[in-house]
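# Descriptive analysis of the structure
Chain by chain, the residues run as shown.
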Amino acid sequence: MTRLRGLAWDHRRCWGPLDASVGPYCAANPGLEIEWDRRSLYEFGEGALGPVLGAYDLVVFDHPFIGDIAQDGLMVPFDAYLSEQIRFFEQDSVGPSWLSYEKNGRQWALPIDAACHVASYRPDLLERYGQVPRTHEEVVKLGRLARKDGKWLGLPFVPTDAMCLLLTLTNPQEDGEQFIAREMVEQAVAQLRELAALSHPNSSKWNPIRCYDHMIAHDDVVYVPFAFGYVNYASKTDGPYLRFADVPTTRSAGALLGGAGIGVSAQSKHRQEAIDYALFLCSPEHQRGDYVRAGGQPGSLAAWKDAEVNRFSGDFFSSTLRTISSSYLRPTHPGFIAFFRECAPRAAAAIAGDIAAAELAEYVNRLYCETTQPERSVA
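Anyway, here's the lowdown on the structure attached to this text. Computed from a predicted structure; not experimentally measured.

### Here's the deal with the layout of surface pockets
Roughly 450 Å³ of volume is contained in the largest pocket. Residue assignment for the lining of the largest pocket shows that the elements contributing at least two residues are α2 (41-46), α8 (159-169), α10 (208-217) and α16 (336-352). Classifying every residue of the lining of the largest pocket gives 15 nonpolar, five polar and six charged. Space inside the second largest pocket adds up to approximately 380 Å³. Residue lining of the second largest pocket: 21 residues in total, with Thr168, Leu169, Thr249, Thr250 and Ala253 positioned closest to the centre. The set of elements that each furnish at least two residues to the lining of the second largest pocket consists of α7 (136-148), α8 and α9 (182-197). Among the elements that make up the lining of the second largest pocket, the one with the highest residue count is α9 (four residues).

### Concerning the side chain of His11
Mapped onto the secondary structure, His11 falls in the loop between β1 (2-9) and α1 (12-28). Residue His11 is classed as buried on the basis of its relative accessible area of 10%. Residue contacts for His11: discarding those within four places in its chain leaves Gly16, Ile209, Tyr230, Asn232 and Tyr233.

### Regarding α16
Counted at 1.5 Å a residue, the expected span for α16 with its 17 residues is 24 Å, and the 24 Å between its end C-alpha atoms agrees. At Cys343, α16 shows its largest bend, some 35°, and a proline, Pro345, comes one to four positions later. Among all positions of α16, only Phe336, Ile337, Phe339, Phe340, Cys343, Ala344, Ala347, Ala348, Ala349, Ala350 and Ile351 are buried. The elements touched by buried residues of α16 are α2, α8, α9 and α17 (357-372). Among the residues trailing α16, Gly353 stands out with phi positive, at a value near 90°.

### Some points on α7
The first and last C-alpha atoms of α7 sit 19 Å apart over 13 residues, in line with the 18 Å expected at 1.5 Å per residue. Within α7, the full set of buried residues consists of His136, Val139, Val140, Leu142, Gly143 and Ala146. The buried residues of α7 occupy an angular sector of 160° when projected down its axis, which confines them to one face. Projecting away from the buried face of α7 at angles above 90 degrees are the exposed residues Glu137, Lys141, Arg144 and Lys148. Against the buried residues of α7 lie α6 (123-126), β8 (152-153), α9 and β9 (221-228). At the exit of α7 stands Gly150, carrying a positive phi of roughly 75°.

### A closer look at the side chain of Ser199
Along the chain, Ser199 turns up in the loop between α9 and α10. Exposure remark for Ser199: the relative accessible area of 4% places this residue in the buried category. A polar side-chain atom of Ser199 sits 2.7 Å from the main-chain carbonyl oxygen of Leu195. If we ignore the near neighbours within four places in the chain, the residues touching Ser199 are Trp152, Leu153, Gly154 and Leu155.

### Describing empty space enclosed by the protein
Inspection of the entire model under this criterion finds three cavities of 30 Å³ or more. Roughly 50 Å³ of internal volume is contained in the largest cavity. If you trace the largest cavity, you find it lined by Phe89, Asp92, Ser93, Pro111, Cys282, Gln287, Gly299 and Ser300. Class assignment for the residues of the lining of the largest cavity results in three nonpolar, four polar and one charged.

Cut-off values and rules
Residues numbered from 1 in each chain as written. Predicted model: local features only at pLDDT ≥ 70, side-chain atom pairs only at ≥ 80, totals over all residues. Heavy atoms only, no water. 1 Å grid on protein atoms, 1.4 Å probe; cavity = no way out; pocket = protein on both sides within 12 Å on 5 of 7 lines; lining within 4 Å. Points joined across faces, edges and corners; volume = space filled by probe spheres on them. Helix = DSSP H or I, 4+ residues; strand = E, 2+ residues; numbered from the N terminus. Nonpolar A, V, L, I, M, F, W, Y, C, P; charged D, E, K, R; others polar. Buried < 20%, exposed > 50% of the residue type's maximum accessible area, 1.4 Å probe, protein only. Contact = heavy atoms within 4.5 Å. Expected span 1.5 Å × (residues − 1). Bend = angle between axes of the 7 residues up to and from the residue. Arc of directions from axis to C-beta. Polar contact = N/O pair within 3.5 Å; in protein donor to acceptor, adjacent residues only side chain to side chain.

Don't take any of this as a statement about function, it's just geometry.
This is the structure:
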């Protein structure tokens, strides 16, 4: 009996389709057992990856880890196992999702899940105020109208999400003299402070999940301009549900890419079995079928464009495809996770008005420079 162990992150969007796949896949592959464990969303995005790879064959993880994975050979590259399939998977990727798991000419994971910053709203509440906002000015106008009725915008900005907001709104330049130009930081912080003033008082304590949970349990948050999308809140059939839309930026561009990849540990004793299972989970047939029906958010472009998938999910995918197609891929060099983790509390403090935007810009650019080119100093 071959036993595979996998590690997911603790939300139904991730573990739902993985748990649901075990029975049918093992039935079709006698002699195989599969077990999935879970870890927190924070650990998924910012925790240490190396220590878990000795205990698991498969790990679902956030793409900025790719630099460290490639540098240390922590996972098995898929290239040798894909052959002619590699072009097919690349073309079936949503936005830059496929590229996000490539480093040094090797493909270190498959995009099992695709996401980015999108807008969201309660359709039953928004109808009072008109159309979905398309610009920052329209968002502010909506927020002011909602406040007159005792309602709010939402803007999740716990430190992790505050840093994500900064990256969405500042057009970072990986190879520029500065990672983010100071004037871009100042402009973004000014916009975010304006939105925060019109947003629910708990926004600084919310990540997207907490925000969405509040929105479906209460009737006081009308619209959220930027947060990672979760199809589960659009697929609800009982009680209040959410709808999702493109972000209110020029051409809906620049939204931070999220999602999740599935990789095989270099320490796995069952590499071929783990690779085969990962390929099955990421196949378009499975992704637009059982995967999405079990609560998953596919990484397959075919699933995002599928009419039945969109009918089932309240058009979550078709309504945000433009945004994810022009989304922003974070740097994936070794050390980016540590850089992000250090900057996140300061980004939240800047949005809250506790530190100046110029101070945030100086810190972000200095630390980024130290992370990527230790011998240089920021002018």
